[in-house]
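Summary of structural features
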Amino acid sequence: MAGLLAELKRRNVFRVAGLYLVVAWLLMQVATILETSLKLPDWFDGLVTALVLLGFPLALILAWAFELTPDGVRLTSPSAADSAPVRFRGWDALMLVVLIAVGGLIAADWFSIQRITEVDVGTAPSAAEPAATSPGLATADGAAKPRGGAVGNGGVSVAVLPFADMSPSKDQEYFSDGLAEELLNALTRLSNLKVAGRTSSFAFKGKNIDLREIAKSLNVTHVLEGSVRRAGDRIRVTAQLIEAQDGFHVFSETYERELRDVFRLQDDISTRIAKALELRLTGAASKRPKNGEAYELYLRAREHLHQRELSTIQTADRLLDRAIVLAPTYAPVLAAKALSTMLLSNAPGCYGDRDAAEALPEAKTFIDRAMAQDPNLAEAHAVLGLFLRNSGTGAAEAAAALRRALELNPNLSDAKLWLANSLGNAESFTILESIVERDPGFYPAIKMLASHYAMRMERESLERLLDRAERIPGVRPRIIAIRGYIALTMGDVAAAYRHLSAAAASNPGNAHIQEALGYTLLDLKEVKRALEIDAPSSRLSALAMRGKIDEAHEIAKRHLDDPKVVVAAVRALTVFERYEAAAALIDPPSGAGMQAFAAANPSAVTNVVLVYRALGRKAEAERALSKIQQLADTCRELGYENNPANLVFLAEYEALSGRLDEAEALFVRAVKRGYVGVEAAATALKPLQGRQAYRDAVAMMNVRIDEARKELGWAPKP
């Protein structure tokens, strides 16, 4: 062995090997840089690496067989003279310096990653600390508070951006989005790591926005971005984790896998991030399908479900049917199918017209199958909670299922939203605040939380919420609609009209916007223009104001599955004393039922009382009045009693209870706070019409309407 080592040394094999490795490493670094900067094909750096590796044994063979002499290259001499030890020469010194330098670069790179994680990993704020004092929280003017160092005490947070589709045919967007979403879900299991929500992160898809601006909008310390290139059954994924404050790459890796290894690829990347951030990956991954096509179908379906439009949900439902045939035991597919089945029903908050009595039991069978395959799948428990809420089983049972889902995945925004809806109390809004803190572009939560702030007349909190949401691409047009809803609630009808008109122009097919715009026009006494709005409930009310109650009633008969239309119809029929017809719309099973009235509009229950009293149904009238009392108590408990619309609701309750002085005082307060509602005198407040304070308040309201019309450039109306 000693002789062989001496011969290797004499023939300069070690020297050539060391020099070759140094040069090879430098070549691979240059290849990576050139591929990125010159936009060379993805295979360029791989080709260079392969050539370098193939050349290494050849270089060793040549070093053994040949040597460089003053007379040129010649075969290595086996003479004894040549076996003398070779002295340390200048070439050796240079090679040693280069080796030390390369080693230093590698060590520096490793140390830099360690330094980043040592600085970044802090102590997360305790739950008891006020949100306003949490480091890294956006201030009132929208700027991020100083973090201290890279992150300071605010902890580590990351936003996973959609991966770019670099495939030649550009047809793998669903796959790249699905991979990024799976990584996001995996990262939510990292202890002490805050992960920005999918809705907000994916809003930056395809936007040429600086990463620092994205991080500021999402209030995160790190951004994970990457690309996917798929060719046949092979995929190549590049992932980069970037420290947002200075743009430093915590790591950048490229992975190549067979498509069947996609789950291992996801695990590799998430584990690498965990190591880079010095955090611990916890929680068991869901069982995975053996069928790759089923997984692709699931990814496509999930992308369509996220869009929450009727047509996209229908597409998702069809894709899930195909996936279930290929992978009938894959729990996430079964849970997603349960969700699509419910969303296509006419249950509250859903998008379709399928009878809920038929759709909900079918959805439950898919939930049961998903639970049987994976009892710890968070999505299955979340959909169970939605099922329990929609089936009327009880808020407590629904909340328990949703809390279990959040135990399994604390960052599941849908489960949080459904829980907030199920509770309907002060905790609901704490939950909503936690959703928008993590996912500031999640529109359903933004809308609910904005309504909460408006009901409490918390204007500063409302503006902070909406200003932050408007930074998220694609959310701004929807925020304009929210501003319109809020302005209408607060009595600023001129602002409501401006916002809602702009929102309707950009999204003419949105029924909620059209409805709000129609009612705004009614409050502005523009009945003719309200009749032109494509919204059955406001059009029905406009017809009633024109005295065309029969036409209004016909609209209601065609839209019995829409509680808002039924509520408007009962109100109109009550004004015209068509109590029997109104009762037919209220009484279950053919009618909407009192619970539907309460859900659609608490104030609408006052009309139920009036109808039952007029028909001599005293016991039912008392039950309805008791329901109003519960709603009024909840209104006060939540601090909503200072909102103009709620003051009118409380005034109606007092009037129905025979306390007319209190009712009058509340109505006057409502008008002074900005209330505008041309139909107020036609409801439970009718007994106040002969009172002077009430008449003065109505006159004040009419003056405000004229001022709003003038602001919009319209002439006054009687």
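Just so it is clear, the model here is predicted, and its values are computed rather than measured. (Residues numbered from 1 in each chain as written. Predicted model: local features only at pLDDT ≥ 70, side-chain atom pairs only at ≥ 80, totals over all residues. Heavy atoms only, no water.)

Some thoughts on the environment of Leu408
As for its placement among the helices and strands, Leu408 is situated in helix H14 (residues 395–408). On the accessibility criterion, Leu408 (27% relative accessible area) is partly exposed. Excluding anything up to four places from it in sequence, Leu408 contacts Asn376, Leu377, Ala378 and His381. (Helix = DSSP H or I, 4+ residues; strand = E, 2+ residues; numbered from the N terminus. Buried < 20%, exposed > 50% of the residue type's maximum accessible area, 1.4 Å probe, protein only. Contact = heavy atoms within 4.5 Å.)

Here's the deal with the confidence of the model for the protein
Chain-level pLDDT for the protein is 78 on average; 77% of the residues reach the 70-or-more range. Across residues 79–86, where pLDDT falls below 50, the model places four contacts with residues more than four positions away in sequence or in other chains. For residues 106–153, every residue scores under 50 in pLDDT, and the model assigns this stretch 66 contacts once sequence neighbours within four places are set aside. (pLDDT = per-residue confidence, 0-100.)

Quick look at helix H9 (residues 292–307)
An ideal rise of 1.5 Å per residue puts 22 Å on 16 residues; H9 measures up with 24 Å between its terminal C-alpha atoms. When H9 is considered as a whole, its buried residues turn out to be Ala294, Tyr295, Glu296, Leu297, Tyr298, Leu299, Ala301, Arg302, Glu303 and Leu305. Just downstream of H9, Arg308 is the residue with a positive phi angle, here 50°. (Expected span 1.5 Å × (residues − 1).)

Section: the pattern of salt bridges
Per the counting criterion, the structure on display carries 27 salt bridges. Across the salt bridge formed by Glu427 and Arg403, the nearest N and O atoms sit 3.0 Å from each other. Taken as a pair, Glu427 in helix H16 (residues 426–438) and Arg403 in helix H14 lie far apart in primary sequence, 24 residues in all. Classification of Glu427 by relative accessible area gives partly exposed; the value is 33%. Judged by relative accessible area, which is 35%, Arg403 ranks as partly exposed. Notably, a salt bridge pairs Arg617 with Asp587, separated by 3.1 Å at the nearest N-O pair. Taken together, the positions of Arg617 in the loop between helix H28 (605–614) and helix H29 (618–637) and Asp587 in the loop between helix H26 (579–586) and helix H27 (594–600) put the pair 30 residues apart, joining distant regions of the chain. Among the ionic contacts, a cluster of salt bridges with common partners joins Glu463, Asp467, Glu470 and Arg483. (Salt bridge = Lys/Arg side-chain N within 4 Å of Asp/Glu carboxyl O.)

Digging into the packing of helix H25 (residues 563–575) against H26
At a closest axis distance of 8 Å, the pairing of H25 and H26 adopts a crossing angle of 160°. In this view, H25 runs roughly antiparallel relative to H26, as classed from their interaxial angle. Crossing of H25 over H26 shows left-handed handedness. Touching Val566, Ala569, Val570, Leu573 and Thr574 of H25 are Tyr579, Ala581, Ala582, Leu585 and Ile586, all from H26. (Axes fitted to C-alpha atoms, helices over the stretch in contact; angles between N-to-C directions. Parallel < 35°, antiparallel > 145°, perpendicular 65-115°, else oblique. Left-handed = near helix turned anticlockwise from the far one by under 90°.)

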